[in-house]
Amino acid sequence: MDILPILSTLRRHKVTAFLVILEIALTCAIVCNAVFLISQRLERMQMFSGVAEHELIQIQAVSIGKQNDAAARAQEDLIRLRQIPGVTGAALVNQVPFTNSSWNTSVKLGPNQKQATLNATQYFGENLLQTFGTRLVAGRYFNADEYLDFEAVQRDQKLQAKVGVIVITQALGERLWPGQSALGKTIYLGETSVRVIGVVAGLIRPALFNGDASAQWSMAFPLRMNVSNANRYVLRAAPNDRDRVIAGAVAALRKADPHRVIIEKKTLDEIRSGFFQNDRAMAGLLVGVCIALLVVTALGIVGLGSFWVAQRRRQIGVRRALGATRRNILNYFQTENFLLATIGIALGMVLAYGINLFLMLHYELPRLPAVYFPIGAIVLWLIGQVAVLGPAMRAAAVPPVVATRSV
Amino acid sequence: MFAYYLDLAFRSLKRNKVLTALMVIAIAVGIGASMTTLTVMRLLSGDPIPARSAHLFYAQIDPDPTPGDRKEPYDVIDYQSAVDLWSAHRADRQTLIIESPVRMRAPDVNLPATMPTMASITADFFSMFDVPFQYGNGWTAEDDTKRAQVAVISADLNQKLFGGANSVGRTLRLRDTDVRIIGVLKPWRPSPLFYMVAGAHYANGDTADLYSKTEDVFTPFFTGLELNDGNFSQYTCWHLPDHPGHLRNSPCVWVRLWVQLGDSSKVAAYKQFLDGYAAQQKVLGRVARPQNTRLRSLMQWLDYEGVVPSDVRLQTWLAFAFLAICLFNTIGLLLAKFLRRGGEIGVRRALGATRGAVFAQCLVEAGMVGLIGGLVGWLLALAGLWLVRQQSVPYADLAHLDASMFLLTFVLAIAASLLAGVLPALRASRLPLGLQLKTL
């Protein structure tokens, strides 16, 4: 196929050609970035939590009446909850993943360090890690005799020194002591120090206010909660049993203490789904925008293609009369579109890169991976070819006899 | 002449329905998307209380005694500083604000107990923020100091508990204390819930929650503190508090202080007062960084906190890029349409129409496409806002197209189509006359 005649025709239609190029370039730039944003959101929605998500249930219950013995109340609640058929674990904890409410503290690596190294979250609750179903990768979980009552520790500053041990996540260990095993290391929290006795594969923070990079900076302490300082009951049950267990647990909690308000009863799957709600909505919106953009661009190409075909009817007739086949005419318009698309795509790549730089600056996005460029190019080439097919076929159908009329 | 152009435009649009439809769709989709996001953006970035915002200020000091070189104070202040500053009464009006979840029942209404959020505030709150009352009133400064057991409730809660009737004089049980309802608010929906905004700049733009509804129960500050003791949560602490949830005299920050200052001299005087207080507390060893005092106006505070969700901002960018593409599309199609009519234009020119007349006629046609596109775009924007309302974002119920945005839809649509029409109209009006006539 000869490209030169096409180029010389395009030179006579600079403005229209330029518009098509610009439209393709903008579409290419925006679609590349939008698809990248979608992939970022989808990736975020897959975020690793480190807990047995499909098996966990959270029930938030607040006691109304005066609590004379909050600790005994908590123990009785947990015993009743564990008796529910299907429940394989129960714990009363201070915080739960994906609930957007968290207890955090500054972490230092030495007793005299002035500025904290980082800020990590604190999980409290007897049997919390076992119930959550975290995976131990080194060391051990807490022994029963290592647990202290949170209330007592809070009341008596001296007891704080007795807490002594913690379990942390692999990611936190790697961040604090890169390349070393965290086991046996000591960290300093306020005036007390604690030794790492166990490392779990992961345990996500309940809220990601400090950014996704610190999502796994979590610590678990051997502290026992009671109903006056915690209200989140976490239950573990097989996925199919969860609905039944929720009903049973609410009944059990009400029975144990009729003066209770159940604030929330949800599976962790539901909680997680709510947590990523915004990401899902945004991804959906971006998909819609991408489709709409591609459709609008395709319609634009159809419109201009039709116009050109109508305008060049006589020229096509002449070519046909001089011996050009239908296929030649078809190819002519297809090649023309391919040329325009190629220039547009090249321009679009530069623009896509620029938009990405802007987004990196304002929305803390990573760099656009190079793979998006060839994919974007292929998509736009395809769309261009599909869009121009109709007008090109109409052009190919122009009979040679047109050449003889009304010149 | 204009009517004639309109007629011509109408005929021309009817002649090639496909091309017309393509242009209208392009404009409509672009306008629909832009107006949807623009409406949401305006809703979220607007002034929550236009009549008063210029005189409302958020006061901050840095009460953390631990050394360090932090540049900004915490977003909220500690109890002692808050009460000291409040009770000095140096501003025209001032209010302390804290919130806590509280167990609530209406003893004479047969509904189960719930856990709404209670705002505990001082008397000036209602007058400062222009809070509208349906029934009754707020409380007096005397009620604050007397720890009067009274409450003001939201219109929502009044509807839920009392079916919207005048509930002034009825009783609410908050935790274990009975309080008397003395006021019921009219529906009041500041957006964002500006007086509670704190800590948002840590949220990385994930700030949709700032646009939720107001609290359901308002109690006097000290009354609330007493009746819900142990249930308050801190913003942050530099030591663990001795009793969790009990934050009076704790090493924690958790209280907001808003002041109303009538003019700039009062603002300067209040800032001086804050500085003086911080310096004096430094002498007492309670403050390490006396220079960290701030007195931001309401809009400055919202800016500093970055309350507009970053997703919404991104969507607005996207919508306008989309509109740009739709415009390029329309330019191309208009060009195609006008140049195709070279013969007709040639005849008009030969009969004496000036270039300006041809240009005007083409623009009228472009504007007509814009008008129809705007109409369809308006429907699309309504559909888009309906979609926003279906989402479970806290500001969903606010997403409506008001009169000014309705007008803006058409202004934007016609402006966009005229802009798109300029180049094609220019080209059409410059077509060489002879050539066009010859081809007829």
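All values derive from a computational prediction rather than experimental measurement.

Kindly report on the confidence of the model for chain B, identifying the contributing residues and their values.
Taken over all residues, the pLDDT of chain B has a mean of 89, while the share at 70 or more is 98%. The element-level mean pLDDT for chain B is lowest in helix 14 (residues 433–438) of chain B, coming to 66, with strand 9 (residues 217–220) of chain B highest at 96.

Explain the sheet that holds strand 12 (residues 232–237) of chain A residue by residue, including any values.
All names here are of chain A. As summarised here, the arrangement of the 4 strands in space is 2-12-1-13, forming an open sheet in which the pairing is antiparallel. Edge strands, defined here as strands with exactly one partner in the open sheet, are strand 2 (87–93) and strand 13 (260–267). With direction set aside, neighbouring strand axes in the sheet form an average angle of 20°. Note that strand 1 (residues 56–63) and strand 12 share 5 bridges and pair antiparallel. Counted as the bridge partner of Gln58 is Val234 from strand 12. Here helix 3 (residues 70–83) sits on the sheet in contact with strand 2, strand 12 and strand 13, set at roughly 160° to strand 2. In the packing of helix 8 (residues 242–256) onto the sheet, the strands contacted are strand 1, strand 2, strand 12 and strand 13, and the crossing angle to strand 13 comes to about 165°.

Before we move on, can you summarise the packing of helix 1 (residues 4–12) of chain A against helix 12 (residues 326–363) of chain A with the specific residues and values?
Residues and elements named next belong to chain A. Running from N to C, helix 1 and helix 12 point in directions that differ by 65°, and their axes come no closer than 10 Å. Between helix 1 and helix 12, the angle falls in the class roughly perpendicular. The element helix 1 and its partner helix 12 pack so that their crossing is right-handed. Contact residues: helix 1 offers Pro5, Ile6, Leu7, Thr9 and Leu10, while helix 12 offers Tyr332, Thr335, Glu336, Leu339 and Leu340. Among the residues forming the contact of helix 1 with helix 12, the class breakdown is 7 nonpolar, 2 polar and 1 charged.

Go over the pairing of strand 12 of chain A with me, naming the residues and quoting the values.
Residue and element names in this part refer to chain A. Burial analysis of strand 12 places 6 of its 6 residues in the buried class, which makes it a mostly covered element. The alternating pattern of strand 12 places Arg232, Val234 and Arg236 and Tyr233, Leu235 and Ala237 on opposite faces, both of which are buried. Inspection of the sheet shows strand 2 paired to strand 12 by 6 bridges, in the antiparallel sense. Each bridged residue has a counterpart across the sheet, and for Gly89 the counterpart in strand 12 is Arg236.

Would you mind going over the domain arrangement of chain B in detail, with residue names and values included?
All names here are of chain B. Domain boundaries in chain B define domain 1 (2–48 + 309–438) and domain 2 (53–305). The C-alpha-based centres of domain 1 and domain 2 are spaced at 48 Å. Opposite the 12 residues of domain 1 that make contact, domain 2 presents 17 residues. Area buried by domain 1 at its contact with domain 2 is led by Pro48, Pro309 and Pro394, which between them contribute 46% of it. Taken together, the links from domain 1 to domain 2 amount to 1 salt bridge. Linking domain 1 with domain 2 are 5 residue pairs in polar contact (both at pLDDT 80 or more), by the criterion used here. With 3 residues, helix 2 (residues 17–45) is the largest single contributor of residues to the side of domain 1 that touches domain 2.

Give me the lowdown on the state of the cysteines, citing residues and values where you can.
One covalent bond between the sulfur atoms of two cysteine residues makes up a disulfide. Residue and element names in this part refer to chain B. Within this structure, the stated rule accounts for 1 disulfide over all chains. One disulfide in the model links Cys237 with Cys252; its S-S distance is 2.0 Å. Handedness of the Cys237-Cys252 disulfide follows from its S-S torsion of about 95°: it is right-handed. Remark: Cys252 occurs in strand 11 (residues 252–253) and Cys237 occurs in strand 10 (residues 236–237); sequence separation between them is 15 residues.

A description of the environment of Arg394 of chain A should follow, citing residues and the corresponding values.
All names here are of chain A. For Arg394, the position within the fold is in helix 13 (residues 372–396). Note: C-alpha distance between Arg394 and Ile316 (78 residues apart in sequence) is 11 Å. Those residues in contact with Arg394, other than ones at most four positions away along the chain, are Ser306 and Val309.

So, helix 1 (residues 2–15) of chain B: which residues are in play, and what are the values?
All names here are of chain B. Here helix 1 spans 20 Å end to end across 14 residues, near enough to the 20 Å set by a 1.5 Å rise per residue. Along helix 1, the residues that are buried comprise Tyr5, Leu8, Ala9, Ser12 and Leu13. End-on, the buried residues of helix 1 take up no more than an arc of 130°, which puts them together on one face. Residues Ala3 and Arg11 are exposed on helix 1 and point more than 90 degrees away from its buried face.

Report on the nonpolar core, specifying residues and quantitative values.
Membership of the largest hydrophobic core comes to 155 residues, with the highest contact counts inside it found for Phe125, Phe126, Phe129, Tyr195, Phe218, Trp258 and Tyr395 of chain B. Filtering out sequence-adjacent residues up to four positions away, Trp258 of chain B remains in contact with Phe57, Tyr58, Arg93, Gln94, Thr95, Ile97, Met128, Phe129, Phe194, Tyr195, Leu298 and Trp301 of chain B. Counting 47 residues, the second-largest nonpolar core is a separate cluster that includes Leu78, Val107, Phe150 and Met219 of chain A.

Describe in detail the pattern of salt bridges, supporting the description with residues and values.
Residues and elements named next belong to chain B. Enumeration according to the criterion identifies 37 salt bridges over all chains in this entry. As a salt-bridge pair, Asp130 and Arg52 come within 3.5 Å of each other at their nearest N and O atoms. One end of the pair, Asp130, is in the loop between helix 4 (124–128) and strand 5 (133–136); the other, Arg52, is in the loop between helix 2 and strand 1 (56–60), and 78 residues separate them in sequence. Accessibility expressed as a relative area gives 17% for Arg52, which makes it buried.

Just give me the short version of the confidence of the model for chain A, but keep the residues and values in it.
For chain A, the mean per-residue pLDDT works out to 89, and 98% of the residues sit at or above 70. Highest mean pLDDT in chain A belongs to strand 10 (residues 218–221) of chain A (96); lowest belongs to helix 6 (residues 157–160) of chain A (76).

Let's hear about the interface of chain A and chain B: which residues, and what values?
Taken together, the contact pairs 48 residues of chain A with 44 residues of chain B. Across the chain A/chain B interface, buried area totals approximately 4,000 Å², and carbon plus sulfur atoms make up 68% of it. It is Gln154, Phe307 and Tyr363 of chain A in chain A that bury the most area against chain B; as a group they hold 15% of the surface buried on that side. The interface formed by chain A and chain B includes 1 salt bridge. Measuring nitrogen to oxygen at the nearest pair gives 2.8 Å for the salt bridge that ties Arg41 of chain A to Asp311 of chain B. Here chain A and chain B share 3 residue pairs in polar contact (both at pLDDT 80 or more) between them. Listing elements by their share of the side of chain A that touches chain B, those giving two or more residues are helix 2 (14–45), strand 1, helix 5 (150–155), helix 6, strand 13, helix 10 (277–311) and helix 12 of chain A. Among the elements that line the side of chain A that touches chain B, the one with the most residues is helix 10 of chain A, at 18 residues. Residue classes in the side of chain A that touches chain B are distributed as 27 nonpolar, 15 polar and 6 charged.

What counts, and where the lines are drawn
- Residues take numbers from 1 onward in each chain, read along the sequence in its written order.
- Going through the entries in the order they are written, you letter the chains from A and number the ligands from 1.
- Reporting of local features is limited, given that this is a predicted model, to residues whose pLDDT is at least 70; pairs of side-chain atoms are given and counted only at 80 or more, and all residues count toward the totals for whole chains, interfaces and linings.
- Only heavy atoms go into the side-chain values, all of them from the structure, while hydrogens and water stay out.
- The predictor's confidence in any single residue is recorded as pLDDT, a number from 0 to 100.
- Runs of H or I in DSSP of at least four residues are treated as helices and runs of E of at least two as strands, each being numbered from the N terminus.
- Pairs of strands are assigned from DSSP output, requiring at least two bridges between the strands.
- Every angle, taken between N-to-C directions, lies between 0 and 180 degrees, and every axis is a line fitted to C-alpha atoms, over only the stretch in contact when it is a helix.
- Contacts are residue-level and defined by heavy atoms, with any inter-residue pair within 4.5 Å sufficient.
- Comment on the angle field: the value is read as roughly parallel under 35 degrees, roughly antiparallel over 145, roughly perpendicular from 65 to 115, and oblique elsewhere.
- By the definition used in this description, the sense in which the near helix is turned from the far one sets the handedness, with an anticlockwise turn below a right angle giving left-handed and a clockwise turn giving right-handed.
- Under the scheme applied here, ten amino acids are nonpolar (Ala, Val, Leu, Ile, Met, Phe, Trp, Tyr, Cys and Pro), four are charged (Asp, Glu, Lys and Arg), and all others, including Gly, are polar.
- Each residue is placed in one exposure class: buried if its accessible area under a 1.4 Å probe, protein chains only, is under 20% of its type's maximum, exposed if it is over 50%, and partly exposed if it falls in between.
- Annotation comment: domain bounds sourced from an automatic or database domain assignment.
- Simply put, the buried area is the total loss of 1.4 Å probe accessible area from both parts when two parts are fitted together.
- Whenever Lys or Arg places a side-chain nitrogen within 4 Å of a carboxyl oxygen from Asp or Glu, that contact is recorded as a salt bridge.
- Polar contacts, as counted here, are pairs of nitrogen or oxygen atoms within 3.5 Å of one another; within protein the pair requires one atom able to donate a hydrogen and one able to accept it, and residues that are adjacent in sequence qualify only if both atoms are side-chain atoms.
- Throughout, a disulfide means two cysteine sulfur atoms within 2.5 Å of one another.
- Here the expected length of a helix is defined as 1.5 Å per residue gap, with one fewer gap than residues.
- This arc is taken over the directions from the axis of the helix to the C-beta atoms.
- Only buried residues count toward a nonpolar core, which is a set of Ala, Val, Leu, Ile, Met, Phe, Trp, Tyr and Cys residues joined through side-chain atoms within 4.5 Å.

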